[in-house]
Amino acid sequence: MSISRVFFSDLKSGKCSSVVEARLLRFWEARNVKRGGELMWVDMLLMDVNSTLIQATINANRLPRFRDRLAAGTMYSVSGFDVARCAQNFKLVDSSLMIRFNDSTEFDVLSDPVSPIPAEGFRFRNQTELVGLANTNTQLPVTELSDLNIEPVDIIGEIVAVKSTVSDPPEDKNRVMVTVKLENDVSVTLSLFDAQAVLFHQKLGGMRDDPKVIVATSINPKMVGGRLFLNATSGTHVYYDKETHAGESLFYRLVARDTGLPSAAPLLKSYAKVETVTIAELNHFITTDSPQQEIDFLCTARVSRVESDKGWCYVACSKCSKKLQRTVTSFECARCNNPHAVGSLRYRVEMVVTDDTAEGTFVCFDGVMTKLHNLRASEAVQLLAEEGVNPEDSVMPPFVAGMERKTYTFQVRVTPYNFTVNHQTFTVSRIINEVERAPAPEFVDDEGDDNDDDDAPDGPNNRVESGSGKGNCETSKRAGKEPVGNVRKRARIA
C-alpha cells in the first residue's frame, strides 16, 4: 500500500503516516542556559512546494539518529511524525502546528521531488513592522528557556557600518553592532553576542571585499530609549551579498546606485588583486588586455583639470539610478517607462588627472564624492543658492572645483563597459586624499557614527521635484556629520 503525499497545510494534530516533501531552510540548537547550556532539542524551519513554512523539532535523545543528515538547503521526504500545536509563547511561523520527530520518523534526503521546492523562504520586515513587533514578547526566536516567538522576523538591507568588541583571541562577552539600512532608507542596529559575534567578526575579517548586503533571519526587535534595536538569537542566520537570491537582487541594485553602471550580471563577479600602477600602465593595460571582468587598481595622480563643461551632477531615477529626462512639469525615466519619476540628485564629476608618466580621464560618481567631501549633492545645491536654475545646470561647487591641483590616490575600476572605443574613462570606486592612509587590512572600529547613511538617497529630503521646469532639492539633515564610512571595516587592497 502506497503512502499518500500531503502538504503542510493538510496536516492536523495527531500522528501522521503520510509523506511530506520539504526543504530544510535552517536549523539550530536550543539549550538550557540555566543548566550549563544543556542541549534540549534542535529546531528546524521546513518549507514545502507551496512555500508554506512549518516548525519541526527533534528532541535531544533522538538527535544522534538524524544529526548527520541535517544540511540547510537540502530537500527531504518526511513521514511517520507527530503533529502538535505550538505553544502560544513559542512559534516560528504563522502555522499553529508543528512537527515533532518520534521513534518512527523517516527523514530521507530527496534528490527528485515530485514538484520543485523553492530554495528560499524569508519574511522580511520593514521598519514600521519591526517597531510594531518590538517589546511585545511575541517575536523572539528561541535561544534559551526565556525566549518567546510567534513568527519569523527577517531583515534585508545594506551594511552601513560595523562595530566590534571582539579581540584576538576572543574573550568573554563579545558583541558586534551592525548598522543596517533597510530598503526604506531607515537605519537600524543589529547586535550579535558572544559566539555569534565572534563568528560574524571572523567571517567579515576574512572576506576579500566589504560586503554590501546582509540578510539576517529570526531577529528579536526591541525598543530602547525610543530607538529600535535588533538582537540576534540562536536561530539567527546571516547571509551576505549574493549568498541568497534576495540578497543578490539588492546587491546589484546597490552596485548600480554606487557607480551609475547597469545592474546586470556579471558586474562585480570577481576581482583581481588590487595593484598600484601608473597612468601609463593603466592606459597600456586596457589597450592590450581588454578585461572581461572587473579589476581594480590603485593610482596616485594630480587633478590637473575638472571638466566643468561636463557638469557635476545629474538627476537620477530613485528606482533604477539612470539619468532622468526633464520635461516641463515632471521627470521621465525611459528605463522604467515612468513619465512622472521621482528623482534624486547625484554627483558625476569628470576630471583629467596626470602623473609623471601620462594623463587619463577619471569619473567620480555619487558615493565617492559624498564620502570624500561629506556632503550630498542635494546639500551642495542648497549651498549654491542659485534661484531659478535647475540643479543639474548650476555652477560647480567650490569644493569640487577645488580638487584641481591636488593629489589623490584613486582606486579605479576597469570594466568592459568603461573601456569601449567610444567610452574610454576610468570609474573611480574610492578616493584616498592627501592626508589619509591607504586602508589597513584589519577589521577596525574607528568609533564613528553608526548612522552614516552611506551613499543612499535621503527619501523625501533628497528628492528632486519639478514644478515649472525648475528643480528644488530639499536640504538633507545630515550636514555636519562625521565623514561617512568611518566605522566601516577597512577595504582590503592588497
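First, a word on what this report is: a plain description of the structure on this page. All values derive from a computational prediction rather than experimental measurement.

## Digging into the state of the cysteines
Taken as a whole and judged by the stated rule, the model has zero disulfides. For the unlinked cysteine C336, the closest cysteine sulfur is that of C333, found at 3.6 Å.

## Regarding the sheet that holds strand β4 (residues 53–59)
Backbone-to-backbone hydrogen bonds join strands into a sheet, with any given pair of strands oriented parallel or antiparallel. With mixed pairing, eight strands are arranged side by side in an open sheet as β1-β6-β7-β4-β3-β2-β5-β8. Single-partner strands in this sheet number two, and they are β1 (14–16) and β8 (106–109). Going across the sheet, the axis of each strand differs from the next one's by a mean of 35°, ignoring polarity. Both strand β3 (residues 38–47) and β4 contribute to a ladder of seven bridges, which runs antiparallel. If you follow L46 over to β4, its bridge partner there is I54.

## Some details on the pattern of salt bridges
All told, the structure shown has 15 salt bridges when counted by the stated rule. The salt bridge involving E21 is made with R5; its shortest N-O contact spans 2.9 Å. Taken together, the residues span a long stretch of sequence, with E21 in strand β2 (residues 20–32) and R5 in the segment before β1 at a distance of 16 residues. Here R35 and E38 are joined by a salt bridge, their closest N and O atoms 3.9 Å apart. Among the residues examined, E38 registers a relative accessible area of 38% and is labelled partly exposed. One salt-bridge network, held together by shared partners, links E29, R31 and R67.

## Looking at the nonpolar core
W312, M351, F362 and F410 are the most contacted members of the largest nonpolar core, which has 44 residues in total. Ranked by the residues each element gives to this core, the list is headed by strand β17 (residues 295–306), at six residues. The residues touching M351, leaving out its near neighbours within four places in the chain, are V303, R305, V306, E307, G360, T361, F362, C364, M403 and F410.

## Description of the packing of aromatic side chains
Tallied over the full model, the rule gives 12 aromatic pairs. Note on F362 and F410: the rings are 5.1 Å apart at their centroids and 85° apart in plane angle, and the pair reads as edge-to-face. One end of the pair, F362, is in strand β22 (residues 359–365); the other, F410, is in strand β23 (residues 407–414), and 48 residues separate them in sequence. Each member of the pair F362 and F410 is classed as buried.

Here is what the cut-offs are and how they apply
Residues numbered from 1 in each chain as written. Predicted model: local features only at pLDDT ≥ 70, side-chain atom pairs only at ≥ 80, totals over all residues. Heavy atoms only, no water. Disulfide = S-S within 2.5 Å. Pairing = 2+ DSSP bridges. Helix = DSSP H or I, 4+ residues; strand = E, 2+ residues; numbered from the N terminus. Axes fitted to C-alpha atoms, helices over the stretch in contact; angles between N-to-C directions. Salt bridge = Lys/Arg side-chain N within 4 Å of Asp/Glu carboxyl O. Buried < 20%, exposed > 50% of the residue type's maximum accessible area, 1.4 Å probe, protein only. Core = buried A, V, L, I, M, F, W, Y, C linked by side-chain atoms within 4.5 Å. Contact = heavy atoms within 4.5 Å. Phe/Tyr/Trp six-rings, centres within 6.5 Å; stacked < 30°, edge-to-face > 60°.

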